[in-house]
Amino acid sequence: MVTELLQLAIYGVVLGSILTLGAIGVSLIYGILRFAHFAHGDLMALGAYFSLSLVAGLGFPVWASAPFAIVGAALAAIAIDQTVYRHLRKSPPIILLISSFGIAIALRSVIQLVWGPRNQVYASGIQIPWRFEGLVIKPDHVWIVLGAVVLVAALHLFLTRTKMGKAMRAMSDNMDLALVSGIPSERVIMVTWAVGGGLAAVAGIFLGMDTRLHPVMGWSVLLPVFAAAILGGIGRPYGAIAGGMVIGLAMEMSTVVIDPTYKPAVAFALMVIMLVVRPQGLFKGNA
Amino acid sequence: MTLLSIEGLTGGYGGADILHGVDLRVEPGEIVVIIGPNGAGKSTLMKAAFGLVKIKEGAVLFEKRDITPLRPDQIVRQGISYVPQERNVFPSMSVEENLEMGAFIRTDDIRPQMERIYSFFPRLAERRTQIAGSMSGGERQMLAMGRALMLDPKLLLLDEPTAGLSPLFIDQTFERIQKINAAGIGILMVEQNAKQALAVCDRGYVLTMGRNRIDDTGANLLANKDVAEMFLGG
Ligand SMILES: Nc1ncnc2c1ncn2[C@@H]1O[C@H](COP(=O)(O)OP(=O)(O)O)[C@@H](O)[C@H]1O
Ligand SMILES: [Mg+2]
C-alpha cells in the first residue's frame, strides 16, 4: 500500500511538473492581459508537434529539438497576439476569452491538418525503468521533473533579476502605474507571450514524452492546467508551482479510490471548491 | 518658457465630459495648487495632462510642444512624472524595485539617483528590501514620490500627496515638496489641505464641476472670502 502510494506520488510529481509549466504561462498572461487564455493547452500541443517534426523528420533527440520548439511556440504565441488579441486590448475580458477559445480550435485544426489525427510518440520501444524497493521510475520522469525545476529556477531569476522580468511583475501588480512610469507595455506583453509560449512548448513536449502526442492532447490537459493556475491564485506565477503540484498529486492519488478516467474531474472539483471557498488562491493575494 | 500649459481642455472617460474647457499653466520653478470639491475633476485634469483621459477639445503643451496626442510612456520621456492619488506603488515589489521601475526608461546608471532619493527619504533607505504593500500610508506616499523622482523630471504632478496622513506627516510632506521645488522642479498638485497648500504655492486654481472658478496667487486665494468659506473651514 505504501509502495503504491509512493508510486502514485511519483506520477503525481511528474504530472504536476507538466501542469506547472503550463499554469505559469496562464498565470503570467492573466496577470498582464487580464484574461483566461483558453488556447494555452493547444499552444502546448503545438510545441510538442514542433518537436515531433524534428525528432521523427530529422532524427533529432527530443532534448535537442526542445529549443527549436520553444522558439517556435514563442513566435506562434507572439504572432497570435499581434494578429488577434492586440486588437482586443480594450475589449472586456470575456471577448478575449471567447477569441482565445476560437484560437484553440484553430490551432487544433492546424495540428490535425499538418501532423494527422492519429496518436504518435517521440520514441517507439519501451524505456527500461529503474526499480527501487518496488518503485518504478522511468528515465523520462526524471528528465521531466529536472527540466521543470531548472525552468522554474530560470524563470525566478528572470522575474527577480532582470529589468524586463521586473517590468512584467510591475505590470501585473499595477498596470496604470506601470504605464505612467514609462514601462513600454506592448514590449512587455510580447515578452510575456514569448515566456508563456516557450514554457507551454516544454510542457507539451513533456506531456508527449509522458503519454503520447494527439491533436487534442492540449485541450484535454487545459482543465487541470487552469485548475493549477486558479489554485495558486491566477495572476501569480509562483502560486502556479504549488497549484500544479497539488493538482498533479491529487489527480494521481485519487486513482486509489476512484476510476482513473475521473482524474480530470478531480482537478475540476478542486478548482470549483477553490473558486467557492478561496477565489484568491492558496496564498494571500494583493489583487 | 512656460513649463506646462493646458488650454481649453474638454474631455472625460468616454461618457459625459468631466472637464469643460479648463485652462491652467505652470511656469518653471513654480508650485501650482488645484483645489476644489470632491468630484470637481481635479484628478481627471491631472490624468488628462498625462494622456490618460479622452480629450475632445483643447491641448496640453509642455515647453510649447503639443503633447496631447502622446501616450503616457512618451510623456514621461518629455520630463513629466506623475504620482496618482491612489494605487501609486507596486504593492508586491520591494522599495528598491519600485524605484527601479520609476527609472525604467533610463539606460544609464540609476544608482546615483537612487542614492539621492534614499538620502532625501531616509525612511525608504531603511526599508530597501521591504515589500511596498506592507508599508504604512506615509511610507508608501514617500515611495510613490521617490519613484516619480527617479527620472529627475522637470515637472512633478502630485495628486493629493497628503491624503490620509497624520498631521506630522502632512507637515513633512509639504516641506519635502518645497525642497523638491527648490531643486528646480516645477510642481502641480491637487490638495485637500487647502490652507497649507495655498500657503506654500505660488499660484492656485479653484476647480468646480470641471470648470475654472478662481485663479490667483496663493496669498490672494488664502485671503479670498469665497475660498475661505468653501475650503478653509470658514
Ligand atoms: N475612471 C473613471 N471612469 C469614469 N468616470 C470617472 C473615472 N474617474 C472619475 N470619474 C468621474 O469623474 C468625475 C471627477 O472625478 P475626479 O476627477 O476623480 O474628481 P476629484 O479628483 O476632483 O475628486 C467624478 O464624477 C467621477 O465619478
Ligand atoms: Mg481626486
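Keep in mind that what you see is a predicted model, and the values were worked out from it rather than measured. (Residues numbered from 1 in each chain as written. Chains lettered and ligands numbered in written order. Predicted model: local features only at pLDDT ≥ 70, side-chain atom pairs only at ≥ 80, totals over all residues. Heavy atoms only, no water.)

Digging into the sheet that holds strand E2 (residues 17-26) of chain B
Residue and element names in this part refer to chain B. The following threshold applies: Being paired, for any two strands, means DSSP has found at least two bridges between them. Helix and strand labels come from DSSP, where a helix needs a run of H or I of at least four residues and a strand needs a run of E of at least two; each type is numbered from the N terminus. Contacts are residue-level and defined by heavy atoms, with any inter-residue pair within 4.5 Å sufficient. Axis angles are defined between N-to-C directions and span 0 to 180 degrees, where every axis is a line fitted to C-alpha atoms and, for a helix, only to the segment in contact.
Ordered by their spatial adjacency, four strands build an open sheet running E2-E1-E4-E5, and the pairing between neighbours is antiparallel. Strand pairing shows two members of the sheet lacking a second neighbour, E2 and strand E5 (65-66), which therefore form its edges. Bridge count between strand E1 (residues 4-12) and E2: seven bridges; the pairing is antiparallel. The partner of Ser5 across the bridge, within E2, is Arg25. Packing of helix H1 (residues 42-49) onto the sheet brings it into contact with E1, E2 and strand E4 (54-62), and relative to E2 it is tilted by some 65°.

Things to note about the sheet that holds strand E9 (residues 203-208) of chain B
To summarise the sheet geometry, strands pair through backbone hydrogen bonds and adopt either a parallel or an antiparallel arrangement. Residues and elements named next belong to chain B. A sheet is described by the order of its strands in space; here six strands give the open sequence E6-E7-E8-E3-E9-E10, paired in mixed fashion. Two strands lie at the open edges of the sheet, namely strand E6 (80-83) and strand E10 (211-217), each paired on one side alone. On average, adjacent strands in this sheet sit at an angle of 15° to one another, irrespective of strand direction. Direction of pairing for strand E3 (residues 31-35) relative to strand E8 (residues 186-190): parallel, over a ladder of four bridges. Looking at the pairing, Ile34 lines up with Val190 of E8. The strands touched by helix H6 (residues 137-149) within the sheet are E6 and strand E7 (155-159), with E6 carrying the most contacts at an inclination of about 165°. Helix-sheet contacts for helix H7 (residues 167-182) involve E3, E7 and E8, and the interaxial angle to E8 is about 150°.

Some remarks on the coordination of the magnesium ion (ligand 2)
Residue and element names in this part refer to chain B. Here is the rule: In this listing, donors mean N, O and S atoms no farther than 2.8 Å from the metal, or 3.2 Å for Na, K and Ca; water is missing from the atoms, so a site can look incomplete. Relative accessibility decides the category of a residue: with a 1.4 Å probe and only protein chains considered, values under 20% of the type maximum give buried, values over 50% give exposed, and everything between is partly exposed.
Coordination of the magnesium ion (ligand 2) by the protein comes from Ser43 (OG) and Gln85 (OE1), over a distance range of 2.0 to 2.2 Å. Here Gln85 lies in the loop between E6 and helix H3 (95-102) and Ser43 lies in helix H1, a separation of 42 residues in the sequence. Residue classification places Ser43 among the buried positions, given a relative accessible area of 18%. We classify Gln85 as partly exposed; its relative accessible area is 30%.

Some words on a nonpolar patch on the surface
Residue and element names in this part refer to chain A. Rules: Without a salt bridge and with relative accessible area above 30%, a residue can belong to a patch; like charges are then joined within 9 Å and nonpolar side chains (Val, Leu, Ile, Met, Phe, Trp, Tyr) within 5 Å. Using a 1.4 Å probe, the Shrake-Rupley method yields the accessible areas, and only the shown protein chains count as cover for residues. We count a salt bridge whenever a side-chain nitrogen from Lys or Arg sits within 4 Å of a carboxyl oxygen from Asp or Glu.
Together, Met1, Leu5, Met253, Val256, Val257, Ile258 and Tyr262 make up an exposed nonpolar region whose accessible area comes to about 650 Å². Within the fold, Val256 resides in the loop between helix H10 (237-253) and helix H11 (263-277). By relative accessible area, Val256 is classed as partly exposed at 33%.

Some remarks on the layout of surface pockets
What counts, and what does not: A cavity here means a set of points on a 1 Å grid, drawn over the protein atoms and nothing else, where a 1.4 Å probe fits but cannot get out; a pocket is an open set with protein on both sides within 12 Å along at least five of seven lines, and a residue lines either one if it has an atom within 4 Å of a point. Grid points are joined across faces, edges and corners, and a volume is the space filled by probe spheres set on the points. Ten residue types, Ala, Val, Leu, Ile, Met, Phe, Trp, Tyr, Cys and Pro, are classed as nonpolar, four, Asp, Glu, Lys and Arg, as charged, and the remainder, Gly among them, as polar.
Empty space within the largest pocket amounts to approximately 1400 Å³. Around the largest pocket, the lining is made up of 38 residues, and of these Lys90(A), Met175(A), Asp176(A), Leu179(A) and Leu52(B) lie nearest the centre. Of all the secondary structure elements, the ones that give two or more residues to the lining of the largest pocket are helix H1 (2-33), helix H4 (93-115), helix H7 (175-180) and helix H8 (185-210) of chain A together with H1 and helix H2 (72-78) of chain B. Examining the composition of the lining of the largest pocket, we find that five residues originate from one element, H7(A), more than from any other. Grouping the amino acids of the lining of the largest pocket by side-chain chemistry returns 18 nonpolar, seven polar and 13 charged.

Notes on the pairing of E4(B)
Residue and element names in this part refer to chain B. Judged from the seven bridges that link them, E1 and E4 form a sheet pairing that is antiparallel. Within E4, the residue paired with Thr10 across the bridge is Glu57. Direction of pairing for E4 relative to E5: antiparallel, over a ladder of two bridges. Within E5, the position partnered with Leu61 by the bridge is Asp66.

Notes on the environment of Ile241(A)
Residues and elements named next belong to chain A. Relative to the helices and strands, Ile241 is located in helix H10. The exposure class of Ile241 is partly exposed, given its relative accessible area of 26%. Sequence separation between Ile241 and Phe268 is 27 residues; the distance between their C-alpha atoms is 18 Å. Among all residues touching Ile241, those that are not within four sequence positions of it are Thr20, Ile24 and Val152.

Side note on the interface of chain B and chain A
Note: interface size is frequently given as the accessible area lost on complex formation between the parts. The test is simple: In this description, buried area is defined as the sum, over both parts, of the accessible area (probe of 1.4 Å) that is lost when the two are combined. Here a polar contact is taken to be a pair of N or O atoms separated by no more than 3.5 Å, where protein atoms must pair a possible hydrogen donor with a possible acceptor and residues adjacent in sequence count only if both atoms sit in side chains.
Taken together, the contact between chain B and chain A spans 23 residues of the former and 18 residues of the latter. Of the roughly 1900 Å² buried between chain B and chain A, counting both surfaces, carbon and sulfur atoms make up 59%. When the buried area of chain B at its contact with chain A is split by residue, Phe90(B), Met101(B) and Phe104(B) rank highest and sum to 33% of it. Applying the counting rule to chain B against chain A returns eight residue pairs in polar contact (both at pLDDT 80 or more). Contributions of two or more residues to the side of chain B that touches chain A are made by H2 and H3 of chain B. It is H3(B) that contributes the most residues to the side of chain B that touches chain A, four residues altogether.

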